[in-house]
Amino acid sequence: MQNQTNPPAARPSLKARIKGCKWLFEALQRLKHAPYPLLSGYMRLCHRRFGVDGNKVFFSSYDGGLYNDNPRAVAEALRKIAPKAKILFRLNGRGMAQADVPADFVKVPRFTPRTLREMATSRVIVTNAAMKIWMVKFPDQLYIQTWHGDRGFKKVQLDLDPRRRYFIEETKRIDLAVSGSAFGSRVFQSAFGVKDGILEVGCPRNDILVKRPPEVARRTREALGIEEGTRVVMYAPTFRTASSGSVQEAGLSLAKVRAALEKATGEKWVCITRGHVDSRGIHSDAALDVSDWPEVSPLLLATDLLITDYSSIGGDFMLLDRPVIFFMPDLDDYLDERGLYFDPLKSPLRVARSEAELLRILEKPLDGPGNCREVLDFFGCRETGRAAEIVAERIKRELRV
């Protein structure tokens, strides 16, 4: 495997420190909100002046980040069945430079007047995160919310704070929500106020996990420099507020994890780490950090064992019938800070509350699906392997193509 230097440990980000200073945070929020009426007004002006283009579809992933996740899967499916559709993708600097964005897709720079103009004049908008509070969705537009975690534990949107205007405004926009489970549909109902219009067909980004193309796993392992015959354990925790926007400490020894696995299986293992989109990677003692990979699905296909915590990635990985351990040493603190939809200790999840408990679990080989089916049934999984295609077909019916 290629050598990898872990990023140095970092103190809490500037964003986290500002949030900790209440008076400064509130002052900056008032300043930040000052131009909102102008931005909303510009979108209304564009919509009034140019109207809606009946063939245009606007995609955005993680508030205009990279070309990835559910919006990417839907965009590529739409391209196949509606080649005359005008497909636009809102991207940040890294996303604009991504080589795998199809040449016939229009790249729209994030945080520009063009972004607002294109959004205001698109027939369909597809996103996996809430719109900014000042963004306007018009009555002659179809707004599709795919979200970015169907089987996550963390409370979101209105379930997190029913009084926050940012969350309330999002409930007014959604015409269609895309869900991968009965659990995900209940979250859309309670956290997003979606009573009708839930398409419970699976998460588009997970279609590849249902189909499991072997060549993707092979190419991913080759790109990571992982030798044939070496097994892979991925550690992929969700973000913590204190480290949001900075490098996150692993919170466990992956060197010990690797040693335990090699002792239990008699095989060679390598550890990789994957940070949440709100972090800048994971700092650990013995792992290859792959947080800069735009898409997580190829990494999951190349992984034999997943260690996570409160992230929906665990429910996604179980579609591969491979073992998952939920490492939750800070469960009590996380319940106080964020709140969860259910008690993990009263669920079929395999939970470790400490590093010592995790290492004891690893003393026995974890080959096979284990309790994957039981967990997926617990969530009421509805993954079809055709989610992106089904959503694309729904979009096509709205277009003049």
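Figured I'd write up the structure that's included with this text. It should be emphasised that the depicted structure is a prediction, and the values quoted were computed from it without experimental measurement.

Rules used throughout
- Residues numbered from 1 in each chain as written.
- Predicted model: local features only at pLDDT ≥ 70, side-chain atom pairs only at ≥ 80, totals over all residues.
- Heavy atoms only, no water.
- Helix = DSSP H or I, 4+ residues; strand = E, 2+ residues; numbered from the N terminus.
- Buried < 20%, exposed > 50% of the residue type's maximum accessible area, 1.4 Å probe, protein only.
- Contact = heavy atoms within 4.5 Å.
- Axes fitted to C-alpha atoms, helices over the stretch in contact; angles between N-to-C directions.
- Parallel < 35°, antiparallel > 145°, perpendicular 65-115°, else oblique.
- Left-handed = near helix turned anticlockwise from the far one by under 90°.
- Nonpolar A, V, L, I, M, F, W, Y, C, P; charged D, E, K, R; others polar.
- Pairing = 2+ DSSP bridges.
- Core = buried A, V, L, I, M, F, W, Y, C linked by side-chain atoms within 4.5 Å.
- Salt bridge = Lys/Arg side-chain N within 4 Å of Asp/Glu carboxyl O.
- Phe/Tyr/Trp six-rings, centres within 6.5 Å; stacked < 30°, edge-to-face > 60°.
- Lys NZ or Arg CZ within 6 Å of the ring centre and 35° of its normal.

Overview of the overall build of the protein chain
At step 1: Counting secondary structure elements, the protein chain contains 18 helices and 15 strands.
At step 2: Seen along its three principal axes, the alpha-carbon backbone of the protein chain occupies a region of about 70 × 50 × 40 Å.
At step 3: Taken over 401 residues, the protein chain has a buried fraction of 55%.
At step 4: A separation threshold of at least 6 residues defines the contact pool for the protein chain, and within that pool the share at least 24 residues apart is 68%.

Observations regarding the packing of helix α3 (residues 36–50) against helix α6 (residues 113–120)
At step 1: As a packed pair, α3 and α6 sit with axes 8 Å apart at the nearest point and diverge in direction by 50°. As far as their axial angle goes, α6 and α3 are oblique. In this structure, α3 meets α6 at a crossing whose hand is right-handed. Residues Leu39, Tyr42, Met43, Cys46, His47 and Phe50 of α3 touch α6, and the partners they reach there are Pro113, Leu116, Arg117, Met119 and Ala120.
At step 2: Looking at the contact of α3 with α6, its residues break down into 9 nonpolar, 1 polar and 1 charged.

Brief notes about the pairing of strand β13 (residues 305–308)
At step 1: Every second residue of β13 is oriented toward a common face, with Leu305 and Ile307 on one face and Leu306 and Thr308 on the other, all of them buried.
At step 2: Across 3 bridges, the pairing between β13 and strand β14 (residues 324–327) is parallel. Within the sheet, the bridge partner assigned to leucine 306 lies in β14 and is valine 324.

Looking at the environment of leucine 340
At step 1: With respect to the secondary-structure elements, leucine 340 resides in the loop between α15 (331–337) and β15 (351–352).
At step 2: Since its relative accessible area comes to 9%, leucine 340 is described here as buried.
At step 3: In sequence terms leucine 340 and tyrosine 310 are 30 residues apart; their C-alpha atoms lie 8.4 Å from each other.
At step 4: Other than its neighbours up to four places away in sequence, leucine 340 contacts Phe153, Lys154, Lys155, Tyr310, Leu331, Tyr334 and Leu335.

Here's the deal with the nonpolar core
At step 1: The biggest cluster of nonpolar side chains holds 65 residues, and the ones touching the most others in it are Met43, Phe153, Phe192, Met234, Leu300 and Phe326.
At step 2: When near neighbours in sequence (up to four residues on either side) are disregarded, phenylalanine 326 contacts Phe153, Thr308, Asp309, Gly314, Met318, Leu349, Arg350, Val351 and Ala352.
At step 3: Among the nonpolar cores identified, the runner-up in size contains 26 residues, and Phe59, Ala73, Leu78 and Ile144 belong to it.

Regarding the pattern of salt bridges
At step 1: Scanning all chains against the criterion turns up 33 salt bridges.
At step 2: A salt bridge links arginine 212 to aspartate 321; the nearest nitrogen and oxygen atoms lie 3.2 Å apart. Of this pair, arginine 212 sits in the loop between α10 (207–211) and α11 (214–224) while aspartate 321 sits in the loop between α14 (313–317) and β14, placing them 109 residues apart in sequence.
At step 3: When its relative accessible area of 34% is taken as the criterion, arginine 212 is described as partly exposed.
At step 4: Linked through salt bridges whose partners overlap, the residues forming this network are Asp69, Asp150, Arg151, Arg205, Asp316 and Glu383.

Points about unusual backbone geometry
At step 1: Positioned with a positive phi, aspartate 63 is a non-glycine residue whose angle comes to about 60°.
At step 2: Positionally, aspartate 63 belongs in the loop between β1 (53–60) and α4 (69–81).

Description of the packing of aromatic side chains
At step 1: Inspection of the entire model under this criterion finds 16 aromatic pairs.
At step 2: Aromatic pair tyrosine 36 and tryptophan 134: ring centres 6.2 Å apart, planes at 45°, arrangement tilted. One end of the pair, tyrosine 36, is in helix α3; the other, tryptophan 134, is in the loop between β4 (122–127) and β5 (142–145), with 98 residues separating them in the sequence.
At step 3: Note on tyrosine 67 and phenylalanine 105: the rings are 6.2 Å apart at their centroids and 80° apart in plane angle, and the pair reads as edge-to-face. In this pair, tyrosine 67 is assigned in the loop between β1 and α4 and phenylalanine 105 in the loop between α5 (93–97) and β3 (106–109), connecting sequence segments 38 residues apart. For the pair tyrosine 67 and phenylalanine 105, one class covers both residues: buried.
At step 4: Every member of this aromatic cluster is reached through a ring pair, and the members are Phe153, Phe183, Phe326, Tyr341, Phe342, Phe378 and Phe379.
At step 5: In this structure, arginine 164 is placed above the aromatic ring of phenylalanine 167, and the distance from its NZ or CZ to the ring centre is 4.8 Å.

Looking at the sheet that holds β5
Whether parallel or antiparallel, the strands of a sheet pair through hydrogen bonds between backbone atoms.
At step 1: Strand order in this open sheet of 7 strands is β3-β2-β1-β4-β5-β6-β7, and the pairing throughout is parallel. Among the strands making up the open sheet, the edge pair consists of β3 and β7 (198–200). Adjacent strand axes in the sheet meet at a mean angle of 20°, parallel and antiparallel pairs treated alike.
At step 2: Pairing of strand β6 (residues 176–179) with β7, which is carried by 3 bridges, proceeds in the parallel orientation. Bridged to valine 178 within β7 is leucine 199.
At step 3: The sheet strands contacting α6 are β1, β2 (86–91), β3 and β4, and the helix crosses β3 at an angle near 125°.

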